[in-house]
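# Working through the structure, step by step
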Protein chains: 2
Amino acid sequence: MRELTSDHISQQFNAELETLRQHFLTMGGVVENQVADAIQSMLESDGSLAEEVKDKDAMVNQLDGLIDEECTRILAKRQPAATDLRMILSIGKAVGELERIGDEAKKIARLTITLVEEGESPRGYVEINRIGQMVSRMVHDALDAYARLDVDAAVRVAKQDRNVDMEFKTAMRSLVTYMMEDPRSITRVINVIWVLRSLERIGDHAQHICQHLIYLVKGQDVRHVPVSQLSEKVSDKE
Amino acid sequence: MRELTSDHISQQFNAELETLRQHFLTMGGVVENQVADAIQSMLESDGSLAEEVKDKDAMVNQLDGLIDEECTRILAKRQPAATDLRMILSIGKAVGELERIGDEAKKIARLTITLVEEGESPRGYVEINRIGQMVSRMVHDALDAYARLDVDAAVRVAKQDRNVDMEFKTAMRSLVTYMMEDPRSITRVINVIWVLRSLERIGDHAQHICQHLIYLVKGQDVRHVPVSQLSEKVSDKE
């Protein structure tokens, strides 16, 4: 982050920003694992792995609270401006996205536990696997882009979200057809739909992390810029 | 807000905070209407009302960007501390919740338009009506509590969210039964399920606004405090 921070007299301030950034990336790592494990628990009907995902929620919440406090303390004590201020605000928002990703992973884990308890194997393995891979990758790449302050990578990840949305719609159509052909499967399939919905939301949050990174590096608020115009918009101010 | 702000030498600063607060409440009013109109458009199959809800999205996004810029500008220029800082951070987060509520209202409006185009009347009017009333009221009351800095009201609204979640689960059970009895209805019912899901999410966001208000007034981060412990937690620091 050093290359972005303005010249500080205070080495202490630099250290605080670096700690903040490290805590954010630590939380990112925990959440990334939660997502991967939640998907795996569902695909392998692994109830104990699902319990682990749920248990990690406490750690995620703790990191969320800690980082939020750090942001507030730095704002009050250091009164940062320019890039430093943007970094703190950007991390503050990106942490909110991570926390929501963790929540969605927890929802998936809960659904796994329900399915395992009922001794049922879900339909829609193929869809969960495919969309799960896509959004796991998005979360990973969004955090990687954040760690390297890589705007081009952030744009690429944000664009991926459209593919997730398309896959989600395709999956929905096939699941509806499946339910019509076998109405006894409806309850199970609805659970699969909730899993897919959570995955789709995780993709949205990964996209938002990329938007917060673009704000940090470029100072541009691109949250409401259509993805199709993102490359252009970002290169404008190169 | 004046009773909460610390003594400022600068009247200008007070005026800026008041403007920020007014913009937040203006955005709240727009979003509150979006929610009410989205529900009405669905219940009355009113496609043109649904189009209005969609069109308001641009205004919401504009207000979202404006308020975010104001927050950043005040942070950079005034370097606020204590309650002033909390107010800016709290509004910054509450605005994010409003923006998401607006997004959910837009999703409902889109589903209305789809249903109207297909000439279909949805099942689940009773459920949409009941849960719709509940969350509309929550959004209204959360904004009202925010305007009056009323922590007790905020706690009451936050507690409402459990009722919404219970109603949602009940509705889901009855819709699943309905689909099993009449598989031809599945496509339509799935759309109703998405509406209910959006309503349930709106309730979550209204609850979060209340949490951000409690942070503003009390300085406590209660986002991860279970609702059942909220009254106790908040009165601790009276």
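Residues numbered from 1 in each chain as written. Chains lettered and ligands numbered in written order. Predicted model: local features only at pLDDT ≥ 70, side-chain atom pairs only at ≥ 80, totals over all residues. Heavy atoms only, no water.

## Some thoughts on the relation of the copies chain A and chain B
Superposing chain A onto chain B takes a rotation of 180° combined with a translation of 0.0 Å along the rotation axis, leaving an RMSD of 0.0 Å. Such a combination of rotation and displacement between the chain copies is what one expects of a two-fold axis. By C-alpha distance to the rotation axis, the residue of chain A lying nearest is Gln79(A), at 2.6 Å. Taken together, the interface assignments show that 97% of the residues at the interface of chain A recur at the interface of chain B, consistent with an identical surface on both copies. (Least-squares fit on C-alpha atoms with pLDDT ≥ 70 in both. Contact = heavy atoms within 4.5 Å.)

## Digging into the state of the cysteines
Throughout the structure, instances matching the rule amount to 0 disulfides over all chains. The thiol sulfur of Cys71(A) is not disulfide-bonded, and the nearest other cysteine sulfur, from Cys71(B), lies at 14 Å. Owing to a relative accessible area of 6%, Cys71(A) belongs among the buried residues under this scheme. Of all cysteine sulfurs in the structure, the one in Cys71(B) sits closest to Cys210(B), which takes part in no disulfide; the separation is 19 Å. What makes Cys210(B) buried here is its relative accessible area of 1%. (Disulfide = S-S within 2.5 Å. Buried < 20%, exposed > 50% of the residue type's maximum accessible area, 1.4 Å probe, protein only.)

## What about the packing of aromatic side chains?
One pass over the structure, following the stated rule, counts 5 aromatic pairs over all chains. Relative to Trp194(B), the ring of Phe168(A) has its centre 6.1 Å away and its plane inclined at 55°; by these criteria the two rings are tilted. In this pair, Phe168(A) is assigned in helix α5 (residues 151-181) and Trp194(B) in helix α6 (residues 186-218), connecting two distinct chains. These aromatic residues form a ring-pair network of at least three members: Phe168(A), Trp194(A), Phe168(B) and Trp194(B). (Phe/Tyr/Trp six-rings, centres within 6.5 Å; stacked < 30°, edge-to-face > 60°. Helix = DSSP H or I, 4+ residues; strand = E, 2+ residues; numbered from the N terminus.)

## Remarks on the pattern of salt bridges
In the structure shown here, the tally under the stated rule is 34 salt bridges over all chains. A salt bridge links Arg78(B) to Glu16(B); the shortest N-O distance between them is 2.9 Å. One end of the pair, Arg78(B), is in helix α2 (residues 47-78); the other, Glu16(B), is in helix α1 (residues 11-43), with 62 residues separating them in the sequence. Accessibility expressed as a relative area gives 23% for Arg78(B), which makes it partly exposed. The partner of Arg21(B) in a salt bridge is Glu18(B), and the shortest N-O contact between them spans 3.1 Å. One end of the pair, Arg21(B), and the other, Glu18(B), are both in helix α1, 3 residues apart, so they sit about a helical turn from each other. Taking relative accessible area as the criterion, Glu18(B) reaches 28% and is therefore assigned partly exposed. Sharing partners across several salt bridges, the network here consists of Asp64(A), Asp68(A), Lys93(B), Asp221(B) and Arg223(B). (Salt bridge = Lys/Arg side-chain N within 4 Å of Asp/Glu carboxyl O.)

## Observations concerning the interface of chain A and chain B
Listed as interface residues are 36 residues of chain A and, on the opposing side, 35 residues of chain B. Interface area lost by chain A to chain B is led by Arg100(A), Trp194(A) and His224(A), which between them contribute 19%. The interface formed by chain A and chain B includes 8 salt bridges. Inspection of the region where chain A meets chain B yields 11 residue pairs in polar contact (both at pLDDT 80 or more). Mapped by element, the contributors of at least two residues to the side of chain A that touches chain B are α2 (47-78), α3 (82-117), α5 and α6 (186-218) of chain A. At 10 residues, α6(A) tops the list of elements feeding residues into the side of chain A that touches chain B. Residue classes in the side of chain A that touches chain B are distributed as 16 nonpolar, 8 polar and 12 charged. (Buried area = accessible area lost by both parts, 1.4 Å probe. Polar contact = N/O pair within 3.5 Å; in protein donor to acceptor, adjacent residues only side chain to side chain. Nonpolar A, V, L, I, M, F, W, Y, C, P; charged D, E, K, R; others polar.)

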